[in-house]
Amino acid sequence: MPPFPQAAEVSTQDGQLRRNLRHATHTIRDKRAAAVAELGDWAALRAAGAQIKDRTLRHLDHYLEQVEEAVTAAGGTVHWAADAAEANRIVTALVRETGETEVVKVKSMATQEIGLNEALESAGISAYETDLAELIVQLGDDHPSHILVPAIHRNREQIREIFRERMGRWGRPAPDNLSDSPAELAEAARLHLREKFLRAKVGVSGANFMVAETGTLVVVESEGNGRMCLTLPETLISVVGIEKVVPSWQDLEVFLQLLPRSSTAERMNPYTSTWTGTTDEDGPRHFHLVLLDNGRTDTLADQVGRQALRCIRCSACLNVCPVYERAGGHAYGSPYPGPIGAILTPQLDGMASELDASLPYASSLCGACYEVCPVAIDIPEILVRLRERVVEGGPATVRGERVVLRPARGHAAERAAVRAASWTFGHPAALRTGERLASRARRLVPRRLPGPGSAWTETRDIPELPPEPFRDWWRRTRGGTEGRDGRDGLEGGGR
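Criteria and thresholds
- Residues numbered from 1 in each chain as written.
- Predicted model: local features only at pLDDT ≥ 70, side-chain atom pairs only at ≥ 80, totals over all residues.
- Heavy atoms only, no water.
- Pairing = 2+ DSSP bridges.
- Helix = DSSP H or I, 4+ residues; strand = E, 2+ residues; numbered from the N terminus.
- Axes fitted to C-alpha atoms, helices over the stretch in contact; angles between N-to-C directions.
- Phe/Tyr/Trp six-rings, centres within 6.5 Å; stacked < 30°, edge-to-face > 60°.
- Buried < 20%, exposed > 50% of the residue type's maximum accessible area, 1.4 Å probe, protein only.
- Lys NZ or Arg CZ within 6 Å of the ring centre and 35° of its normal.

Colleague: Explain the sheet that holds strand S3 (residues 126-129) residue by residue, including any values.
Modeller: Strand order in the open sheet formed by 6 strands is S1-S10-S7-S4-S2-S3, and the pairing between neighbours is parallel. For this open sheet the edge positions go to strand S1 (77-81) and S3, each flanked by a neighbour on one side alone. Ignoring which end each strand starts from, the neighbouring axes of this sheet average 25° apart. By the bridge criterion, 5 bridges tie S1 to strand S10 (residues 286-292) in an arrangement that is parallel. Each bridged residue has a counterpart across the sheet, and for His79 the counterpart in S10 is Val290.

Here it is, written out as structure tokens:
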């Protein structure tokens, strides 16, 4: 995938995409704001969610072992996957053991992260997405562009054309007279998927949460397709990131209040499915849980960056982000777009590519993402942390090993500027001299910067310099004094 600036340069030129995104994100965030405003204790719930996640992450090894023990006791089988390749091998082998060549899938970010559909296809196994938006993306040979609404970049007319042209290749075709009415589009999808639900012997899912004390998995959804995948097949395989565990049902209660209001702006999800192992008379006869690491323990090793593992995939940060609204999800080159993707993808990947190095800069640092995050992830703080790692390099944990990352290419000027600024701010006399020189030469400042600075001034004006530095103004108007070390004593100003 190309770095974010290159991809965004293309996507921002698509007027239809920008109109689709603007309409959808504004609608979702306005509804979310109204739903959150109904709760007088939202701030307390948000703090509780963050604290539960942090406590769980501090003792993650304990809770994961508890999950394994509980799932096994309930008749399930637990598999551990260190990375995407191992997870794909496990799932592919499990499907092959059943003798089936088709699986139905619940919407899952984890399976997108590891490229499971592609891995199954290479093994001769067809994976059918059953979430309406995921179905649109799959039929259109497309990629998701939003965590909650993967087809947010498509409008109704585009969806109708995709259904009419592609649905027949995957199963039951769309009606010949299909219109772009939401009801008719949903009905066409329902009829198309019903035959797959009734035929499938293997289901694949992720999970929104895992309850450690009972080994229960939880999926929340709005359409009911997930419940069909979780109950009808004979074999169920769930691929779940290790950070999705919560200690108890009492802890789960907090997140079942936070998630629906932050994602779909609902008081509760229309469908909340829970399952614990297997039973003889209800649901799948065989249950496999694949616990996925794939860079999560590396992220956990960073005391600042580990906040990203609190994420409950609500997508609230995407809907308020001015960068996402204009660039769209595809520009992020990852299943995790928007602000959360800008901090999660580089950490999971270990800053291994040009794309990873560019994502921390896909932000204006306005802080809107932090304000709406239901588990209080300080995304701007992590972005700054990752930018420092890009520019300066330094120690990090990659695939469980402590390594020293080299500075990314193309940041020499930024690195020199930061070091010069750091030295200047540490030497007040030099700072004072620089301020005076800048004020006196303010008329010589160009409207656009040369070299690496030209990218900054393509979309911004250089701030106008004042006729005199603040220190000189203060000393002249308030009678401040200057010490021998070059520091100013601001007399008469109070505290």
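Colleague: Quick one: what's the story with the packing of aromatic side chains, residue by residue and with numbers?
Modeller: By the definition in use, this model includes 8 aromatic pairs. Each ring, one from Phe4 and one from Tyr332, has its centre 4.9 Å from the other, and the planes form 55°; the classification is tilted. Taken together, the positions of Phe4 in helix H1 (residues 4-11) and Tyr332 in the loop between helix H15 (322-327) and helix H16 (338-349) put the pair 328 residues apart, joining distant regions of the chain. Using a relative accessible area of 0% as the deciding quantity, one classes Tyr332 as buried. Geometrically, the ring pair formed by Tyr128 and Trp170 is edge-to-face, given 5.9 Å between the ring centres and 75° between the ring planes. Here the residue Tyr128 occupies a position in strand S3, and Trp170 occupies one in helix H9 (residues 156-170), the gap between them amounting to 42 residues. Exposure remark for Trp170: the relative accessible area of 28% places this residue in the partly exposed category. If you follow Arg478 out to its NZ or CZ, it ends over the ring of Trp474, 5.0 Å from the centre.

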